[in-house]
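A closer look at the structure
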2 protein chains.
Amino acid sequence: MTSFGYRRLDEKFLIEYIKATPSLSSKLGNQFDDLKIKEVGDSNLNFVFIVVGSDGSVVIKQALPYIHCRGESWPMTKERAYFEQRALIEHGRLCPDHVPEVYHFDRDMSLIGMRYLEPPHIILRKGLIAGIEYPLLAEHMSEYMTRTLFCTSLIYPNGFSLMLHAVAEFCGNVELCRLTEQVVFSDPYKVSQYNRCTSPYLDRDAEAVQEDNILKLEVAELKSIFCERAQALIHGDLHTGSIMVTHDSTQVIDPEFAFYGPMGFDVGAFLGNLILAFFAQDGHVDQGNDRKFFKFQFRENLWALFYDLVSFPPPAKILFIKEMKRTLQYKQPPLETTEITPTKTPKSTEKSPQKTIITNKSRASKQSPTQTLPLEKNKTNREK
Amino acid sequence: MTSFGYRRLDEKFLIEYIKATPSLSSKLGNQFDDLKIKEVGDSNLNFVFIVVGSDGSVVIKQALPYIHCRGESWPMTKERAYFEQRALIEHGRLCPDHVPEVYHFDRDMSLIGMRYLEPPHIILRKGLIAGIEYPLLAEHMSEYMTRTLFCTSLIYPNGFSLMLHAVAEFCGNVELCRLTEQVVFSDPYKVSQYNRCTSPYLDRDAEAVQEDNILKLEVAELKSIFCERAQALIHGDLHTGSIMVTHDSTQVIDPEFAFYGPMGFDVGAFLGNLILAFFAQDGHVDQGNDRKFFKFQFRENLWALFYDLVSFPPPAKILFIKEMKRTLQYKQPPLETTEITPTKTPKSTEKSPQKTIITNKSRASKQSPTQTLPLEKNKTNREK
């Protein structure tokens, strides 16, 4: 393919580009007559085109050299596309069931061609807001995190030398690492022009966070771990908006923040997002659905996920429990908690065979009767 | 200067090289008639030439592309000279009093030209074996570690982006990092052809180490921190053989193992070497000197060093205490210990003014009466 240099995509140029690129045109069966093209990116950060033909489909994603945020434009390296495809390929090799395949990458164009996740795939966040149940989500995400984090860490026999080479390469994703450091570990705890909360309802809560010195010390410790600990090739932005789902498929996308960081950052981001989704359910109650059953099942699945993660082989297990404890501030069993009946099998296992390392039966037998879910405490506090 | 490519130094070529290199010839006042040249390297790893003329002096160090060890030759990148001079320059900028100045670097030749540490400078290890007292050592080394470690870490306001660039660069010193990982964190705990102990006297002790599974788990945790935590630009080989001393000068040399690693590795290596030297004193007792007074002073200075290190500004202090506790396995006060009188001022402070952040007076007042030195326990055990 001839190099185009960097040029912004539009529909016309897109077709020209695909025709000139065998790894993309072959995915459409080299049929270009009745292509349907839809731009679905937010165009604040990336262009994303879905291209569907009679004989196949493809997604084309192009990074823009800036991000828009609240009307302002920040310059942002389009080199992030390079690290995104590096992570997609590396994670895809380790966990092909849950990472979409990359067909093509063009560094000059900051362009990735990849598998189209066809309907009914939707963004997990939207599904959770709609109250849709995903019985395999816990199992799939624990498999994804086990494979991508465990197998890129030193616990897996990759060797220190190979890892140092990879660490050095991903240090190049410095702008996006710095952005995470700022928006996750710095800005929320001080007055910053980029902070946003649902004003005026949450103003007092936001202030309370900014006045909590004990919290800030804990966050400083987490920030230091985020910045310093090159433990595994992490996704770096693993929230419910980076996951596409159907009833039986879970696909992790958008790893443009990937670098060698602490495993706990991915694990904590995902669990934290689920916890937020859990508490948000009360806001989605309508006359037909009080969401109580959904919340109950959700909680069981969250617990199952936690258990799947801690059922890693022993060294990884120790590490994961440590990281998760740190991330969730789950250092001591909370005092006022409601016990989760440990013998109840999560619904997911009724619907599908378990592929994970320990069964739910062994899970249940490993739970001590005093084990509790910290969620319950918060829920009680909220409902007071 | 004309590039020579890589060529091994000998006296004749050395003079030719210096004459062609203004940054070196100027240090000799451009006088080459009565140069005295002495090769002092072990020639297993590096050539080191001391060049003294009537108007000045210089040391020339050249890395060889292998290391000799027990008759065998391992290939070893001569690129380590690049990282050595990078660390000398960076640490020298932060702590010019305790790092010799670099005059010249030639990457093709793997050659560093630097300040000659003239007599009576000797290697600290030799001084300690001879029972020589270094009253300023604790103060100087705490200053060196404070400046080089604190100021290359994120606690110092360098910014995350700059640090990631430096981390990526020093990941290039991968061969020497891997060597440390092998000879410090792996080989001693298993049967390995490169292990050596004073056989047969220490055979049983060596076996005991290799059979101690609890110890191996702890070491695995330390190894993971060494490999993963890019906390500061560490020296990487800070034993008493990497330090040259006189009564009032302390100079840290040979940082060829430098990379971004955990501060505790430098702090622990140095303190650990001092502890070894302390216990080795009994082996150096002769009729004229029972070394008791030396050991007493040495212990006091070690304690002073520990205190100097923990008198960093608060965030660094927390971090250092944590790292040192980890390194020294100093988790709980040992049960059977002899108390160190906390109000006794260390001898070093009687001889020289204190430059450190807190005075010995405030130090003493901060010590609780139950604070003890774990050394004492070991000593008691040994003497039983």
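Being a predicted model, the structure only gives us computed values, none of them experimental.

1. A look at the packing of aromatic side chains
What the rule picks out here adds up to 30 aromatic pairs over all chains. Taking 5.3 Å as the distance between ring centres and 85° as the angle between the ring planes, the aromatic pair formed by F278(B) and F279(B) counts as edge-to-face. Members of the aromatic cluster, each reached through a chain of ring pairs, are Y82(A), F83(A), F105(A), F170(A) and Y260(A). Sitting above the plane of the Y6(A) ring, K78(A) keeps its charged end 4.7 Å from the centroid.

2. Describing the nonpolar core
Nonpolar side chains in soluble globular proteins tend to be buried together. M141(A), F270(A), M141(B) and F270(B) are the most contacted members of the largest nonpolar core, which totals 126 residues. Those residues in contact with M141(A) that sit more than four places away from it in its chain are L238(A), I243(A), T250(A), V252(A), F270(A) and L305(A).

3. Quick word on the packing of helix 7 (residues 174–185) of chain B against helix 9 (residues 213–228) of chain B
All names here are of chain B. The N-to-C vectors of helix 7 and helix 9 enclose an angle of 170°; their axes lie 11 Å apart at closest approach. In this view, helix 7 runs roughly antiparallel relative to helix 9, as classed from their interaxial angle. Counting all contacts with helix 7, which are made through C177, T180, E181 and F185, the residues of helix 9 involved are V219, L222, K223, F226 and C227. The residue makeup of the contact of helix 7 with helix 9, split by class, is six nonpolar, one polar and two charged.

4. A closer look at the side chain of E228(A)
On the secondary structure map, E228(A) appears in helix 9 (residues 213–228). Discounting chain neighbours no more than four positions away, the residues touching E228(A) are L154(B), M163(B), E228(B), R229(B), A230(B) and Q231(B).

5. Things to note about the domain arrangement of chain A
Residues and elements named next belong to chain A. Structurally, chain A comprises domain 1 (36–114) and domain 2 (122–383). At the junction of the two partners, domain 1 supplies 25 residues and domain 2 supplies 30 residues. Between domain 1 and domain 2, the buried area comes to about 2500 Å², and carbon and sulfur atoms account for 60% of it. The largest per-residue losses of area from domain 1 upon contact with domain 2 belong to F83, H91 and H98, which jointly make up 28% of the total buried on that side. Here domain 1 is connected to domain 2 by three salt bridges. For R86, the salt bridge identified is with E169, shortest N-O distance 2.8 Å. The interface formed by domain 1 and domain 2 contains eleven residue pairs in polar contact (both at pLDDT 80 or more). If you list the elements that add at least two residues to the side of domain 1 that touches domain 2, you get strand 5 (72–75) and helix 3 (80–94). A total of ten residues in the side of domain 1 that touches domain 2 trace back to one element, the largest contributor, which is helix 3.

6. Thoughts on the sheet that holds strand 8 (residues 122–123) of chain B
Residue and element names in this part refer to chain B. Pairing is antiparallel in the open sheet, where three strands are placed in the order 8-10-11. The open sheet has two edge strands, strand 8 and strand 11 (250–252), and neither has a second partner. Strand direction decides the pairing type here: strand 8 and strand 10 (residues 243–245), joined by two bridges, are antiparallel. If you follow I123 over to strand 10, its bridge partner there is M244.

7. Section: the pattern of salt bridges
Enumeration over the complete set of coordinates arrives at 26 salt bridges over all chains. With its nearest N and O atoms 2.6 Å apart, the salt bridge here joins K61(A) to D254(A). Here D254(A) lies in the loop between strand 11 (250–252) and strand 12 (259–261) and K61(A) lies in strand 3 (residues 56–63), a separation of 193 residues in the sequence. E181(B) is the partner of K223(B) in a salt bridge, and the nearest nitrogen-oxygen pair spans 3.2 Å. A residue pair is termed long-range when its members are at least 10 positions apart, and K223(B) in helix 9 and E181(B) in helix 7 qualify at 42 residues. Each of K61(A), E84(A) and D254(A) takes part in a single network of salt bridges with overlapping partners.

8. So, the pairing of strand 6 (residues 102–106) of chain B
The buried fraction of strand 6 of chain B is high, at four of five residues. Between strand 6 of chain B and strand 7 (residues 111–114) of chain B, which follow one another and run antiparallel, lie four residues, and S110(B) among them has a positive phi close to 50°.

9. A word on the interface of chain A and chain B
At the junction of the two partners, chain A supplies 23 residues and chain B supplies 23 residues. The largest share of the area that chain A buries against chain B comes from F160(A), E228(A) and R229(A), three residues that together contribute 33% of it. For the interface between chain A and chain B, the tally reads two salt bridges. Summed over the shared surface of chain A and chain B, the result is six residue pairs in polar contact (both at pLDDT 80 or more). Only helix 6 (160–171), helix 7 (174–185) and helix 9 of chain A provide two or more residues apiece to the side of chain A that touches chain B. For the side of chain A that touches chain B, a count of residues per class yields 13 nonpolar, four polar and six charged.

10. Brief notes about the relation of the copies chain A and chain B
It takes a turn of 180° to lay chain A on chain B, together with a shift of 0.0 Å along the axis; the resulting RMSD is 0.0 Å. One copy is carried onto the other by what is essentially a two-fold rotation axis. A shared interface surface links the copies, since 100% of the contact residues of chain A are contact residues in chain B too.

11. Regarding the UniProt feature "domain: Aminoglycoside phosphotransferase" (unreviewed entry) in chain A
As annotated by UniProt and renumbered to match this structure, "domain: Aminoglycoside phosphotransferase" (unreviewed entry) occupies residues 98–274 of chain A. Here residues 98–274 of chain A runs as 46% helix and 13% strand, with 18 Å between its end C-alpha atoms.

12. As for the sheet that holds strand 3 of chain A
Residues and elements named next belong to chain A. Strand order in the open sheet formed by five strands is 1-2-3-7-6, with antiparallel pairing between adjacent strands. One side of each edge strand has no neighbouring strand; the edge strands of this open sheet are strand 1 (36–39) and strand 6 (102–106). Shown here is a sheet whose adjacent strand axes are inclined to one another by a mean of 15°, direction ignored. Bridge count between strand 6 and strand 7 (residues 111–114): four bridges; the pairing is antiparallel. The partner of H104 across the bridge, within strand 7, is G113. Sitting on the sheet, helix 3 touches strand 2 (46–53), strand 3, strand 6 and strand 7, and the angle it makes with strand 6 is about 155°.

Calculation notes
Residues numbered from 1 in each chain as written. Chains lettered and ligands numbered in written order. Predicted model: local features only at pLDDT ≥ 70, side-chain atom pairs only at ≥ 80, totals over all residues. Heavy atoms only, no water. Phe/Tyr/Trp six-rings, centres within 6.5 Å; stacked < 30°, edge-to-face > 60°. Lys NZ or Arg CZ within 6 Å of the ring centre and 35° of its normal. Core = buried A, V, L, I, M, F, W, Y, C linked by side-chain atoms within 4.5 Å. Buried < 20%, exposed > 50% of the residue type's maximum accessible area, 1.4 Å probe, protein only. Contact = heavy atoms within 4.5 Å. Axes fitted to C-alpha atoms, helices over the stretch in contact; angles between N-to-C directions. Helix = DSSP H or I, 4+ residues; strand = E, 2+ residues; numbered from the N terminus. Parallel < 35°, antiparallel > 145°, perpendicular 65-115°, else oblique. Nonpolar A, V, L, I, M, F, W, Y, C, P; charged D, E, K, R; others polar. Domains from an automatic or database assignment. Buried area = accessible area lost by both parts, 1.4 Å probe. Salt bridge = Lys/Arg side-chain N within 4 Å of Asp/Glu carboxyl O. Polar contact = N/O pair within 3.5 Å; in protein donor to acceptor, adjacent residues only side chain to side chain. Pairing = 2+ DSSP bridges. Least-squares fit on C-alpha atoms with pLDDT ≥ 70 in both. UniProt positions renumbered as here; feature names shortened; annotations may be inferred.

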